[in-house]
Amino acid sequence: MIDIREILVRIFSAIFLSMCTGSCMFVFWMALRKIFADRIYPKVYDVILKIILIAYYVPAGYLLVNIFFDNGYVFDFTGTIINVFYAIALFWLAGAIATVLKFGERTFRIRREKERCFPCKMYVQKIFEDCKRELGIRRSIEVLQGYRIQIPMTAGILKPCVFLPVEDMEEEQLKTCIYHELTHYKKHDIFWNYIACLMVCIHWYCPWIRTVFRKNDEWSEVICDLSVIGYVGSAKHYFTTIFEMSQKSQGIKAYRAACLFESQDSLEQRIYYAMMYRKQKKIKYAAVITMTVIFCGMSVTSTLAVSKGYQKVYTKWVQETEIEEEAEIVETEEISYEEKTAILRDEIGDKIKKINMKNNDVRTLKESIKSGKRIRYKKIYAKQNQVIEISVAGDKKFQNIKVGIVDKNNNIRYIQDNKVEEVIHAFIIKKEGIYNVFIESENKDEVEIIAMIALEKSE
């Protein structure tokens with residue numbers, strides 16, 4: 001039977017371990033980018049960054065712990081651990097919902113703006129189609145204009161659309177904007193943007209996750225800039241167009257799309273990278289191979305270390321909480337029940353089973369008891385001062401369960417407890433003879449129980 005508690009533990013363990021793996025890889029990426037700087041072609045940095053985005057989804061650490069580092073304690077749970085994971089689940093869910101709503105609102109805005117837009121003029125459509133052919137794009141892409149659109153942008157995965165301002169632009173300026181937006185489409189930047197958004201929704205609790213998101217945006221723009229400059233032919237003309245557009249943009253961050261301009265700081269950084277990487281005369285394959293090997297080696301090592309560390313910490317947590325809870329159980333078990341006496345009632349239909357116990361014997365029995373019913377185990381031969389110990393555990397808390405022994409004259413000695421998960425009591429035999437053990441339930445629902453009956457000498 002599937003235990004929802006174990007599933008909960010495994011899900012959040014997988015989320016946490018994938019966050020650790022992705023974060024370690026991102027730290028290595030940041031460090032190696034500073035070390036190698038312009039010796040590596042920017043597309044290599046961008047590809048590795050996309051791999052890091054995927055790493056935040058792949059539970060590599062969880063698989064290592066589950067397959068190679070499982071020692072019998074990992075993903076096991078105690079009451080304390082489950083309570084902690086319940087709290088984590090509620091905390092995570094609240095943050096995830098808030099983040100999803102935030103991104104959802106931005107997506108809704110762009111859809112609402114699309115409804116307010118209208119088809120472009122014929123000459124704009126012609127230039128747009130010419131740019132598409134030049135970039136080798138065959139798919140039909142809608143191009144719209146709107147009075148509320150202040151800067152060119154691209155949105156949509158299944159139905160891609162390019163948005164342009166209504167104002168008239170010079171042909172070269174218009175081509176620059178269209179090249180930029182179509183390059184975003186050709187590089188699948190909108191798709192990766194949504195991947196990054198979902199990553200933030202899942203790992204919103206990670207303090208640097210938005211830095212990962214921002215770096216993905218920045219490097220998408222850098223790669224796009226370098227590609228478009230190749231078509232435009234002049235970096236000065238290209239960035240002049242972007243700068244002029246930036247003077248008109250307000251509130252553009254409200255959209256979930258690929259834009260020509262996002263902020264003054266990002267524009268300055270894009271110009272810096274464009275100038276730096278345009279000076280590269282050829283790809284330095286030795287530097288690329290060296291950085292890739294270092295990155296892969298550090299990533300694998302960190303994933304193994306994080307997984308092993310999680311296994312050790314979780315194992316210690318389980319062991320410590322088990323000891324605490326076992327101590328509480330032992331303390332509970334030491335509470336003695338008050339024995340009561342009565343005459344066995346015949347109006348209840350007994351379910352009788354013969355077990356024929358004598359000397360030092362132990363029997364474990366699994367039964368199902370309906371409300372108002374009784375099970376009787378016959379023929380336990382006990383001598384004076386021997387002990388019949390009865391332990392009954394159920395799949396749910398009991399209400400009014402009776403456990404006792406019956407002598408040959410139908411005299412019973414029994415105990416009764418309410419709302420417990422286990423009843424344990426030792427009946428000391430005062431007179432040698434044949435006894436029966438009975439378990440009677442007044443629980444309102446049917447109860448699955450496991451009973452253990454032991455016949456042993458009195459201490």
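Because the structure is predicted, anything quoted here is derived from the model rather than measured.

Each value, and the rule that gives it
Residue positions are given per chain, counting from 1 as you read along its sequence in written order. The predicted origin of the model limits local features to residues at a pLDDT of at least 70 and limits the giving and counting of side-chain atom pairs to 80 or more, whereas totals for whole chains, interfaces and linings rest on all residues. Note that the side-chain values use all heavy atoms of the structure and ignore hydrogens as well as water. Throughout, nonpolar core names a set of buried Ala, Val, Leu, Ile, Met, Phe, Trp, Tyr and Cys residues whose side chains join them through atoms within 4.5 Å. Accessible area is worked out with a 1.4 Å probe on protein chains only. A residue is then buried under 20% of its type maximum, exposed over 50%, and partly exposed in between. Secondary structure follows DSSP: runs of H or I at least 4 residues long count as helices, runs of E at least 2 residues long count as strands, and numbering of each begins at the N terminus. Residue contacts are counted whenever heavy atoms from the two residues lie within 4.5 Å of one another. Whether two strands pair depends on DSSP finding at least two bridges between them. Only the stretch in contact is used when a helix axis is fitted, and all axes are lines through C-alpha atoms; the angle between N-to-C directions ranges over 0 to 180 degrees. One fewer than the residue count of a helix, multiplied by 1.5 Å, yields its expected span. Should an angle fall under 35 degrees it is taken as roughly parallel, and over 145 as roughly antiparallel, whereas 65 to 115 is taken as roughly perpendicular and any remaining angle as oblique. Amino acids are sorted into nonpolar (Ala, Val, Leu, Ile, Met, Phe, Trp, Tyr, Cys and Pro), charged (Asp, Glu, Lys and Arg) and polar (every other residue, Gly among them). Centres within 6.5 Å make a pair out of two Phe, Tyr or Trp rings, where for Trp the six-membered ring is used; the pair is then stacked when the planes are under 30 degrees apart, edge-to-face when over 60, and tilted otherwise.

Draft legend 1. Spatial organisation of the nonpolar core. Counting 68 residues, the largest nonpolar core has Trp29, Ile52 and Leu182 as its most contacted members. The element that contributes the greatest number of residues to this core is helix 8 (residues 209-232), accounting for nine residues. In contact with Ile52, other than residues within four places in its own chain, are Gly22, Met25, Phe26, Trp29 and Phe295. Leu365, Ile405, Ile415 and Phe427 belong to the second largest nonpolar core, which has 27 residues in total.

Draft legend 2. Representation of the sheet that holds strand 11 (residues 401-406) within the structure. The mixed open sheet is built from six strands, whose spatial order is 6-12-11-14-9-7. On the outer flanks of this sheet lie strand 6 (340-343) and strand 7 (350-357), each paired with one strand and no other. Ignoring strand direction, the axes of neighbouring strands in this sheet form an average angle of 25°. Sheet topology note: the strand 11/strand 14 (residues 433-441) ladder contains six bridges and is antiparallel. Paired with Val406 across the two strands is Asn436, which belongs to strand 14.

Draft legend 3. Layout of helix 4 (residues 79-116). Between its terminal C-alpha atoms helix 4 stretches 55 Å, which fits the 56 Å expected from 38 residues at 1.5 Å a residue. Looking only at helix 4, the buried set comprises Ile81, Ile82, Phe85, Ala89, Gly95, Ala96, Thr99, Phe103, Thr107, Ile110 and Glu113.

Draft legend 4. Spatial organisation of unusual backbone geometry. Even without a glycine there, the phi angle at Phe75 is positive, about 70°. Positive phi is not limited to glycine here, since Asn385 has a value of about 75°. Along the chain, Asn385 falls in the loop between strand 9 (374-382) and strand 10 (386-394).

Draft legend 5. Focus on the packing of helix 1 (residues 4-36) against helix 3 (residues 60-67). Two elements in contact, helix 1 and helix 3, have axes separated by 6 Å at closest approach and are oriented at 125°. Here helix 1 is positioned oblique relative to helix 3, judged by the angle of their axes. Of helix 3, the residues touching helix 1 (which contributes Arg10, Ala14, Leu17 and Thr21) are Gly61, Tyr62, Val65 and Asn66. Grouping the constituent residues of the contact of helix 1 with helix 3 by class yields four nonpolar, three polar and one charged.

Draft legend 6. Broad picture of the packing of aromatic side chains. Under the definition given, this model contains 17 aromatic pairs. Between Phe85 and Trp317, the aromatic rings sit 6.2 Å apart at their centres with planes inclined by 25°, giving stacked as the arrangement. Of this pair, Phe85 sits in helix 4 while Trp317 sits in helix 11 (residues 285-333), and the two are 232 residues apart along the sequence. Among the residues examined, Phe85 registers a relative accessible area of 5% and is labelled buried. The class of Trp317 is partly exposed, set by a relative accessible area of 27%. Each residue in the set Phe16, Tyr62, Phe75, Phe85, Tyr310, Tyr314 and Trp317 is aromatic and connected to the rest through ring pairs, giving one cluster.

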